[in-house]
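In case you want the letters, here they are:
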Amino acid sequence: MPLRHLYSIPGGLLLGIALALVFPAGGAYVAWLGQIFISVLKLLILPLILVSIYASLASGDNLRRIGGRTFLYYLATSAVAAIIGILLGLAFARDVPAGLLNLAPASPAAASFSLDRLIDNFIPSNLFASLAAGNVLHIVFVAVLAAAASRRISKHHRATLVGGAQALDALLMQTLNGVLALAPLGIFGLVYASLATMDWAGAFQLRAFVWAVVLAAVLHGGLVMPTLYRVRTGCSPWALVAACREPLLTALSTASSNATYPVSKRALEAFGVSERVTSLTLPLGATLNMHGSALYQSILLIFMSQLAGVDLSPWQTVFIVLLTMASSAGTAGIPGGGIAMMAFMLDLLGLPPTYLALYLVVDRFFDYPITAINVWGDLVVAAIVDQELKD
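Source: prediction; values computed, not measured. (Residues numbered from 1 in each chain as written. Predicted model: local features only at pLDDT ≥ 70, side-chain atom pairs only at ≥ 80, totals over all residues. Heavy atoms only, no water.)

K.L.:
Looking at this model, I keep getting lost on the overall build of the protein. Mind explaining?
P.N.:
Tallying secondary structure elements over the protein gives 19 helices and zero strands in all. Taking all 391 residues of the protein together, 54% fall into the buried category. For the protein, the share of sequence-separated contacts (at least 6 apart) that also reach a separation of at least 24 residues comes to 85%. A total of about 17100 Å² of accessible surface is found on the protein, and carbon and sulfur atoms cover 67% of it. (Helix = DSSP H or I, 4+ residues; strand = E, 2+ residues; numbered from the N terminus. Buried < 20%, exposed > 50% of the residue type's maximum accessible area, 1.4 Å probe, protein only. Contact = heavy atoms within 4.5 Å. Areas by Shrake-Rupley, 256 points an atom, 1.4 Å probe, with all protein chains shown as cover.)

What follows is the structure, encoded as structure tokens:
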């Protein structure tokens, strides 16, 4: 087997798991690899979210008519996905005992929640402080606010700003690609160090998590979105599925929303969706629409809270819905972004960073179908918006 096939993220993940099983004492000696990798990801991910969301929202002359309608659909359907995830997570996680995986428990003080904390987490007072603190929710808020304000300035100035944002986005993505070349080492160190003390016998008792994610994906992708399409357009959703089988299979095989974009655009336009709709809704969806990630991360956070022994209040469940919607929107189409975003969400919920180990173990298995759910949401919303504009 060529060396390049072994030096890969799955290879680093598998090696970290294997060594954690057979030689757990060595985990402490490679923990620095994972720490450096996560730190550099956090360094790049926040400015990348800021410029990518701004460029997607601020560009295009049809933002108000098409973009506003699309954004509302994305917001509503992502909220439904997150709520489905919360409900199924609570139902399936209730029998999972706290401390099952021998991870550090959360202190009651760290896991406390209040309305003031919710407001502080969503509304920034200082952009640079938010960047320094790594608050992704603040960055999403600033990007949306700036994009809305840019619609009120001259086209010349807006074009300059959008061009600059797109150039920064390209620069950051190129830098991130270089960092991700070292991802196998970082993932190896992080997984090895995190899983070295894990109770692996107990880990196999998390099959409830697998069933919760599968059921949530089937409900949202196979029931909610097709029903929405039929109700809003009066057409059969299965015709759309048949027309868009190529982008769905591409998403399932690549786990990349960005790689699927040109295939989705071609399939939708062949189906009869206008180019002016696909040119705005699909890039917007690749940045903001993450149905699959919202339901998946909601379930994951519920299970992590249960494992940490945290009794979630109604406010905390609402917070998780909002948190997963905003955080998943910021990581759409960004390679490796989910790791950094999950670290941010653990911080905001007061859960120990060691719970990233659970995320890393399950993410490689769910990344592909979850991306397909994300792309399916983009396709359905684009087709609905186009039909409504024709009517």
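K.L.:
Is there a simple way to think about the nonpolar core in this case?
P.N.:
By size, the foremost hydrophobic cluster in this structure holds 110 residues, and its most contacted members are F209, Y296, L300, M304 and M342. In terms of residue count, helix α19 (residues 356–390) provides more of this core than any other element does, 18 residues in total. Dropping the residues within four chain positions of it, L300 is found in contact with F209, M342, L358, Y359 and V362. (Core = buried A, V, L, I, M, F, W, Y, C linked by side-chain atoms within 4.5 Å.)

K.L.:
I would appreciate a short explanation of the packing of helix α3 (residues 27–58) against helix α8 (residues 155–180) in the present structure.
P.N.:
Each pair of packed helices can be described by the angle between their axes along with the distance between the axes. Contact geometry for α3 and α8: axes closest at 8 Å, N-to-C directions at 150°. Taken together, α3 and α8 sit at an angle that is classed as roughly antiparallel. Our pair here, α3 against α8, has a crossing hand that is left-handed. A class-by-class count of the residues in the contact of α3 with α8 yields 19 nonpolar, three polar and two charged. (Axes fitted to C-alpha atoms, helices over the stretch in contact; angles between N-to-C directions. Parallel < 35°, antiparallel > 145°, perpendicular 65-115°, else oblique. Left-handed = near helix turned anticlockwise from the far one by under 90°. Nonpolar A, V, L, I, M, F, W, Y, C, P; charged D, E, K, R; others polar.)

K.L.:
Sorry, what's going on with the pattern of salt bridges here?
P.N.:
A side chain of one charge can pair with a side chain of the opposite charge if their charged atoms are brought near each other. Counted under the stated rule, the structure contains five salt bridges. For E388, the salt bridge identified is with R69, shortest N-O distance 3.0 Å. In this pair, E388 is assigned in helix α19 and R69 in helix α4 (residues 63–93), connecting sequence segments 319 residues apart. Overall, R69 belongs to the partly exposed group, its relative accessible area being 32%. In this structure, R232 and E388 form a salt bridge, with 2.8 Å as the shortest nitrogen-oxygen distance. Taken together, the residues span a long stretch of sequence, with R232 in helix α11 (residues 207–233) and E388 in helix α19 at a distance of 156 residues. Linked through salt bridges whose partners overlap, the residues forming this network are R69, R232 and E388. (Salt bridge = Lys/Arg side-chain N within 4 Å of Asp/Glu carboxyl O.)

K.L.:
Help me understand α11, please; the structure alone is not making it clear to me.
P.N.:
Since the α-helix packs 3.6 residues into each turn, any two residues three or four apart lie on the same face. For α11, spanning 27 residues, the distance from its first C-alpha to its last is 38 Å, which sits close to the expected 39 Å at 1.5 Å a residue. Of all bends in α11, the biggest is about 30°, found at H220. Phi for G234, located one or two positions after α11, is positive at around 75°. (Expected span 1.5 Å × (residues − 1). Bend = angle between axes of the 7 residues up to and from the residue.)

K.L.:
Where do I start with a nonpolar patch on the surface in this structure?
P.N.:
Together, V210, W211, V214 and V218 make up a nonpolar patch on the protein surface, roughly 380 Å² of accessible area in all. Accessibility expressed as a relative area gives 37% for V210, which makes it partly exposed. (Patch = residues over 30% accessible without salt bridge, like charges linked within 9 Å, V, L, I, M, F, W, Y side chains within 5 Å.)

K.L.:
Would you mind going over the environment of L176 with me for this structure?
P.N.:
Along the polypeptide, L176 turns up in helix α8. Separated by 135 residues in the primary sequence, L176 and L41 place their C-alpha atoms 7.6 Å from one another.

K.L.:
When you look at the packing of α3 against helix α9 (residues 183–195) in this model, what are you seeing that I'm missing?
P.N.:
Put simply, α3 and α9 touch, their axes get as near as 7 Å, and they point 130° apart. Viewed along their axes, α3 and α9 adopt a mutual orientation that is oblique. Regarding α3 and α9, the two cross each other, and that crossing is left-handed. Facing G27, V30, A31, L33, G34, F37 and I38 of α3, the residues of α9 in contact are A183, L185, G186, I187, F188, G189, L190, Y192 and A193. Residues belonging to the contact of α3 with α9 are distributed by class as follows: twelve nonpolar, four polar and no charged.

K.L.:
Please clarify how the side chain of T233 should be interpreted in this entry.
P.N.:
Relative to the assigned elements, T233 resides in helix α11. A distance of 2.6 Å separates the side chain of T233 from the backbone oxygen of Y229, its partner in a polar contact. A distance of 3.2 Å separates the side chain of T233 from the backbone nitrogen of C235, its partner in a polar contact. Discounting chain neighbours no more than four positions away, the residues touching T233 are I384 and Q387. (Polar contact = N/O pair within 3.5 Å; in protein donor to acceptor, adjacent residues only side chain to side chain.)

K.L.:
Explain the side chain of H291 to me, please; I cannot follow it from the model alone.
P.N.:
Inspection of the secondary structure puts H291 in helix α16 (residues 291–307). What makes H291 buried here is its relative accessible area of 0%. Among the polar contacts listed, one links the side chain of H291 to the side chain of T77, at a separation of 2.7 Å. Every residue in contact with H291, bar those within four places of it in the chain, is listed here: Y74, T77, S78, A81, H220, M225, I373, N374 and G377.

K.L.:
Looking at this structure, how should I read the confidence of the model for the protein?
P.N.:
Interpreting fine coordinate detail is not advised for predicted regions of low pLDDT. With 77% of its residues at a pLDDT of at least 70, the protein reaches an overall mean of 77. Here helix α10 (residues 200–203) is the element of the protein with the lowest mean pLDDT, 55, and helix α12 (residues 237–243) is the one with the highest, 92. Contacts from residues 104–114, a stretch scored under 50 in pLDDT, to residues over four places away or in other chains number 23 contacts. (pLDDT = per-residue confidence, 0-100.)

K.L.:
Any chance you could explain the packing of aromatic side chains here in plain terms?
P.N.:
Two measures describe an aromatic ring pair: the distance that separates the ring centres and the angle between the ring planes. With the rule as written, the count across this model stands at three aromatic pairs. Consider the rings of F209 and Y296, whose centres lie 6.3 Å apart with planes at 55°: the pair is tilted. Here Y296 lies in helix α16 and F209 lies in helix α11, a separation of 87 residues in the sequence. The two residues F209 and Y296 agree in class, both being buried. (Phe/Tyr/Trp six-rings, centres within 6.5 Å; stacked < 30°, edge-to-face > 60°.)

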